Amino acid sequence: MKLEIDQSEYLPLRELVFKALRKAIIKGELAPGERLMEEKLAKKLEVSRTPVREAIRMLELEGLVVMIPRRGAEVAKITIQDLKDALEVRMAIEDLSVRLACDRINEDEKEILKQRQKAFEDAAVKKVVMEMVECDEKFHDIIFEATKNKRLISIAHSLREQVYRYRFEYIKDFSYHEKLISEHRAITEAILDGDVDAAKNMMKTHIFDQEQIIISNISKEVEKEYE
């Protein structure tokens, strides 16, 4: 497993360790159920155990790590119920967001929306998963920002951290990239046209498709474990 700190970022050491571990978990380099041994991780990252311990606590707050009695920290497993709970909330927030964005988006935000939709397509063509995940996140972020509702934006950003792992699980499946692109295009067009019903319907389809595909992939992984 390649595990390293990005030295180009000027952040507290615990934040750098947190970001390195978070990325490894999301990408599956630290597998669900894998124990997180402070000493071993500190050695790999060439840091003391203190920032590793602090980073693990931060990951626990995000739901990416769980503490098991007499075993310590483990990478949290992706469960179907956790996925459904998170995406139920996301569905409600995204539904409200596109409704408000259709009415409140300004010309500058329209241009940014088009640019971010194009950036996602370019990343999909290159098949660079982490870049696609980041572009997908930015695409949805501009929709949140277009609502002009600060409370909604704050809640959406908080939820974003919780669904990041699921977003990666969906996007890493290359067989659905064309569908993802077409959904982003349709959402963009509907918002630009101010078509609330079309925007809401396509966003609902977009989130539902994500849920079904991840459930299918989780089920396949469970089946492999019992083969």
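Definitions and limits used
Residues numbered from 1 in each chain as written. Predicted model: local features only at pLDDT ≥ 70, side-chain atom pairs only at ≥ 80, totals over all residues. Heavy atoms only, no water. Axes fitted to C-alpha atoms, helices over the stretch in contact; angles between N-to-C directions. Helix = DSSP H or I, 4+ residues; strand = E, 2+ residues; numbered from the N terminus. Parallel < 35°, antiparallel > 145°, perpendicular 65-115°, else oblique. Left-handed = near helix turned anticlockwise from the far one by under 90°. Contact = heavy atoms within 4.5 Å. Nonpolar A, V, L, I, M, F, W, Y, C, P; charged D, E, K, R; others polar. Core = buried A, V, L, I, M, F, W, Y, C linked by side-chain atoms within 4.5 Å. Buried < 20%, exposed > 50% of the residue type's maximum accessible area, 1.4 Å probe, protein only. Expected span 1.5 Å × (residues − 1). Arc of directions from axis to C-beta.

Caption draft 1: Region of interest: the packing of helix H2 (residues 38-45) against helix H3 (residues 49-62). One can describe the packing of H2 onto H3 by two numbers: an axis separation of 9 Å at closest approach and a directional angle of 115 degrees. Here H2 lies roughly perpendicular to H3, going by the angle between them. For the crossing formed where H2 meets H3, the hand is right-handed. Two secondary-structure elements touch here, H2 through Glu38, Glu39, Leu41 and Ala42 and H3 through Arg49, Val52, Arg53 and Ile56. By residue class, the composition of the contact of H2 with H3 is four nonpolar, no polar and four charged.

Caption draft 2: Local environment of the nonpolar core. Judged by nonpolar contacts, the single largest core of 47 residues is most densely connected at Leu113, Phe120, Ile143, Tyr166, Ile171 and Ile191. Listed by contribution, the elements that provide at least two residues to this core are helix H4 (80-104), helix H5 (107-126), helix H6 (129-146), helix H7 (150-171), helix H8 (177-193) and helix H9 (196-225). With residues near it in sequence (within four places) discarded, Ile171 still touches Phe120, Val129, Met132, Val133, Asp136, His177 and Leu180. Among the nonpolar cores identified, the runner-up in size contains 23 residues, and Ile5, Leu30, Leu45 and Val75 belong to it.

Caption draft 3: Spatial organisation of H3. Over its 14 residues, H3 extends 20 Å from the first C-alpha to the last, a length consistent with the 20 Å expected when each residue adds 1.5 Å. Burial in H3 covers these residues: Pro51, Val52, Ala55, Ile56, Leu59 and Glu62. One side of H3 carries all its buried residues, which in axial view fall inside an arc of 140 degrees. Buried-residue contacts for H3 involve helix H1 (13-26), H2, strand S1 (65-68), strand S2 (72-75) and H7. At the C-terminal side of H3, Gly63 shows a positive phi close to 85 degrees.

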